[in-house]
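The chain contents come next:
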Amino acid sequence: MSSSTALNASRRSQELLALADGGTVDLIVIGGGITGAGIALDAVTRGLSVALVEKHDLAFGTSRWSSKLIHGGLRYLATGNVGIARRSAIERGILMSRNAPHLVSAMPQLVPLLPEMTRASRALVRFGFAAGDGLRKLAGTSASTLPRSRRIDAQRAVALAPTVRRDGLDGALLAYDGQLIDDARLVAAVARTAAQHGARILTRVAASNATRTSVTLTDTLTGESMDVTARAVVNATGVWAGEVDDSIRLRPSRGTHLVFDAELFGNPTAALTVPIPGAMNRFVFAMPEQLGRVYLGLTDEDAPGPIPDIPQPTASEISFLLDTVNTALDTALGPNDVIGAYAGLRPLIDSGDGSTADLSREHAVIESPGGVISIVGGKLTEYRHMAQDAVDRAVTLRGLSAGPCRTRNLPLVGAPSNPVATLRSPTELPGSLVTRYGAEAPNVIARAGCERPTDQVADGIDVTRAEFEYAITHEGALTVEDILDRRTRIGLVADDRERCEAVAAEMLAETAVEQGKFE
């Protein structure tokens, strides 16, 4: 078993060679998003031999296009789905206190009390926030981790969200939920923790001809293929699940976000939470994010037809988000203020007609006629629970010899209690680095071989040169796009991407000859 968390080109080559040498793997996981990574971690920590294959990169699909929220399940409680609500609150608590306290923090959500908001609407939000407090207590999450909801005055509301409309502002309702520093970083942390326990994590490897006991794997970098036998094959490809198993029927829903410079919102410290006119328990959020950005989301639109690798926002979704948030702002925002945008597809289980907003967020584990085990549906917050369910089913259906699930109390790479040796950094660490890497931050600088490791990759972008190098040597980045679009989120803004592409390319070239020196 490997004890190294480092994913890189050298390790990838060695592990592909080992797979090609034959032998049966207990579990092959197809898909390198949060669900697939979670399944690999769950299975390997039960003592199973595991290979995860992803035809693109870790977090290439839906897992990088979320709202970066670890929801406590309040919305599901409002629609009567107590099961998902309770599980979401429990999983949020596990992430914040045990699995990834370095990646998830409490985010204030501020609902401004403006004249258009009726007394009934205010009462409904107050009741919902109180119910959220109840869910938090039920899940055993302390108020020191997630503070209680409360009402605040107008002055405090403006301090938290400086561009909120002041005319008629009667204070605000404030509640707290979990916020990821970044969803793609969570996927990388889960995948690297799986690698730490001996799982093979193989990107740029496409799977085809999946059956009950085998799958054809193709290295997309070389074109070479191999047939690998396995005791169980699990399809965790999200909205692309039907491409692996054509018996699966999903109804994708598109969620769109817009990206702004945080200065346009007065550098807020709370998420401005704006009720959608005419909708029950649905909001648009303007959320403060890393790199000095605010993300505005979220839509919930039917997305029929072929599944694109990278979904695109529509003009109507952009208008909807701007129109909704402008109802709560002092100065209206327009299309020219948008500096980036992204859209993701939710892999909802097709249950017939109606709005996608009303479709269940439950997940399902399905065995196809050909014997492939697929997991579909579900939510980012519940990835650990979903992974446990999928591995439980694989163990039962295939009679695998496995221990009990261990992930409930398992710290990910970067969590203070993960047993990765932490080196002493020769320099003071930038705060942004600690925010993204947690306890592993000193290693990023201490292991750097590049020149000027703590320099920013470009003026005004608080990502260091050492982070680009670490993405390649320890986080499995193989291309410029991997670095800019997933290990960091610089690529969300085209101008930022342009300023950083040369640095990323230079770092890839320099580390290519040095890879063998890293563990």
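Residues numbered from 1 in each chain as written. Predicted model: local features only at pLDDT ≥ 70, side-chain atom pairs only at ≥ 80, totals over all residues. Heavy atoms only, no water.

1. Points about the side chain of arginine 92
Of note, arginine 92 is situated in helix α4 (residues 82-99). For arginine 92, the contacting residues outside a window of four places in its chain are Ile70, His71, Gly72, Arg136, Leu146, Tyr176, Asp177, Gly178 and Thr381. (Helix = DSSP H or I, 4+ residues; strand = E, 2+ residues; numbered from the N terminus. Contact = heavy atoms within 4.5 Å.)

2. Focus on the pattern of salt bridges
All chains considered together, the criterion is met by 36 salt bridges. Between glutamate 15 and arginine 11 there is a salt bridge whose closest N-O contact spans 3.1 Å. With glutamate 15 and arginine 11 both in helix α1 (residues 9-20) and four residues apart, this pair spans about one turn of that helix. There is no split in this pair, since glutamate 15 and arginine 11 are both buried. Aspartate 496 is the partner of arginine 293 in a salt bridge, and the nearest nitrogen-oxygen pair spans 2.4 Å. Remark: aspartate 496 occurs in helix α15 (residues 494-512) and arginine 293 occurs in strand β14 (residues 293-297); sequence separation between them is 203 residues. Neither residue differs from the other here; arginine 293 and aspartate 496 are each classed as buried. (Salt bridge = Lys/Arg side-chain N within 4 Å of Asp/Glu carboxyl O. Buried < 20%, exposed > 50% of the residue type's maximum accessible area, 1.4 Å probe, protein only.)

3. Regarding the packing of aromatic side chains
For the coordinates displayed, the defined rule picks out five aromatic pairs. For the pair phenylalanine 283 and phenylalanine 285, a centre-to-centre distance of 6.4 Å together with 45° between the ring planes defines the contact as tilted. Here phenylalanine 283 falls in the partly exposed class, since its relative accessible area comes to 21%. On the basis of relative accessible area, phenylalanine 285 is assigned to the buried category, the value being 12%. Every member of this aromatic cluster is reached through a ring pair, and the members are Trp65, Tyr295 and Tyr342. Cation over ring: arginine 64 sits above phenylalanine 60, and NZ or CZ is 5.0 Å from the ring centre. (Phe/Tyr/Trp six-rings, centres within 6.5 Å; stacked < 30°, edge-to-face > 60°. Lys NZ or Arg CZ within 6 Å of the ring centre and 35° of its normal.)

4. So, the nonpolar core
Membership of the largest hydrophobic core comes to 81 residues, with the highest contact counts inside it found for Leu27, Ile39, Val50, Leu110, Leu186, Ile201 and Leu272. Here this core gets eight residues from one element, more than from any other, and that element is helix α7 (residues 183-196). If sequence neighbours within four positions are ignored, leucine 27 has contacts with Ile39, Ala43, Ser49, Val50, Ala51, Ala232, Val234 and Ala394. Ranked by size, the runner-up nonpolar core spans 19 residues in total, among them Val457, Ala458, Ala477 and Ala504. (Core = buried A, V, L, I, M, F, W, Y, C linked by side-chain atoms within 4.5 Å.)

5. As for unusual backbone geometry
Positive phi, close to 50°, is recorded for asparagine 267, a residue that is not glycine. Looking at the element boundaries, asparagine 267 is found in the loop between β11 (253-261) and β12 (271-275). The exposure class assigned to asparagine 267 is partly exposed, which follows from its relative accessible area of 47%.

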